[in-house]
Amino acid sequence: MNSRAFTLIELIVVLALVSMMLVIALPSVRDTLSAYPVTTEAKKLAECIEETRSRASREQVDFLLSVDIEKGRLWTCRTSESAEPPDRSGNAAWTLPGGVRIAGIRCGGGNIQKTGEARILFSGRNYARPAVIYLLRDGRSVSLTIRPFMSRVEIRSEQIEASEEGHDADEA
């Protein structure tokens, strides 16, 4: 008898253990992979917001981050410039990829705005108007929180509050 070989029972036991581990781990891996695109876009958007805030502080000029909620388009401009969409104003724009959408924006302490255009002010004095931007993809929601005196944008896995039905447009 060869002592270096595995028996059939040993192989079956190992395959059964590996199968059980896969059954337990697979739902977690699937959830992580499905949340990945919305988290990636949240990080990209956070970088854009932080750069706008830094630029406002560096240039000592107020900037606006304009967000078209339905189209998923964002663009920045100085408050002295036109805040019109980039196709008309010449400002550079950033569009969310397919499947990721903006579920709503809370500017200041007001209601969540789910339609229209929202504007978030970044002051040249290193102040930002408080806001929360909710991104959504395949039922996964991520929020980006902009705090007045914090330079970093906080990213959290968080559902938009279902009880909020506000649609009023907060202007900067």
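A brief structural summary.

### A few points about the overall build of the protein chain
- Counting secondary structure elements, the protein chain contains two helices and nine strands.
- N-terminal to C-terminal, the α/β element order of the protein chain is α-β-β-α-β-β-β-β-β-β-β.
- Within the protein chain, the proportion of its 172 residues that are buried is 35%.
- Accessible area for the protein chain stands at about 10,300 Å²; split by element, carbon and sulfur atoms hold 57% of it.

### Things to note about the sheet that holds strand β5 (residues 112-113)
- Taking strand neighbours across the sheet as the criterion, the five strands line up as β5-β4-β7-β8-β9 in an open arrangement whose pairing is antiparallel. Every other strand in the sheet has two partners, leaving β5 and β9 (154-157) as the edge strands with one partner each.
- With four bridges connecting them, strand β8 (residues 140-146) and β9 associate as antiparallel partners. Bridge pairing links Val 142 to Ser 157 in β9.

### Digging into the side chain of Arg 106
- Inspection of the secondary structure assignment puts Arg 106 in strand β4 (residues 101-107).
- Of the polar contacts made by the side chain of Arg 106, one reaches the backbone oxygen of Gly 110; its length is 3.0 Å.

### A few points about the pattern of salt bridges
- This model, assessed by the stated rule, comprises nine salt bridges.
- Linking Glu 59 and Arg 78 is a salt bridge whose minimum nitrogen-to-oxygen distance equals 2.7 Å. Taken as a pair, Glu 59 in helix α1 (residues 8-59) and Arg 78 in strand β2 (residues 73-78) lie far apart in primary sequence, 19 residues in all.
- When its relative accessible area of 25% is taken as the criterion, Arg 78 is described as partly exposed.

### What to know about a nonpolar patch on the surface
- A surface patch of nonpolar side chains, amounting to about 410 Å² of accessible area, comprises Ile 9, Val 13, Leu 17 and Met 20.
- Secondary-structure assignment places Leu 17 in helix α1.
- Owing to a relative accessible area of 46%, Leu 17 belongs among the partly exposed residues under this scheme.

### What to know about the side chain of Arg 53
- The topology assignment puts Arg 53 in helix α1.
- No salt bridge forms around the buried Arg 53; measuring N to O, its nearest opposite-charge neighbour Glu 50 is 7.9 Å away.
- Within polar-contact distance, the side chain of Arg 53 engages the backbone oxygen of Met 150 at 2.3 Å.
- Ignoring anything within four residues of it in the chain, the contact list for Arg 53 reads Phe 122, Asn 126, Tyr 127, Ala 128, Ile 146, Arg 147, Pro 148, Phe 149, Met 150 and Ser 151.

Conventions and cut-offs
Residues numbered from 1 in each chain as written. Predicted model: local features only at pLDDT ≥ 70, side-chain atom pairs only at ≥ 80, totals over all residues. Heavy atoms only, no water. Helix = DSSP H or I, 4+ residues; strand = E, 2+ residues; numbered from the N terminus. Buried < 20%, exposed > 50% of the residue type's maximum accessible area, 1.4 Å probe, protein only. Areas by Shrake-Rupley, 256 points an atom, 1.4 Å probe, with all protein chains shown as cover. Pairing = 2+ DSSP bridges. Polar contact = N/O pair within 3.5 Å; in protein donor to acceptor, adjacent residues only side chain to side chain. Salt bridge = Lys/Arg side-chain N within 4 Å of Asp/Glu carboxyl O. Patch = residues over 30% accessible without salt bridge, like charges linked within 9 Å, V, L, I, M, F, W, Y side chains within 5 Å. Lys, Arg positive; Asp, Glu negative; His and termini not counted. Contact = heavy atoms within 4.5 Å.

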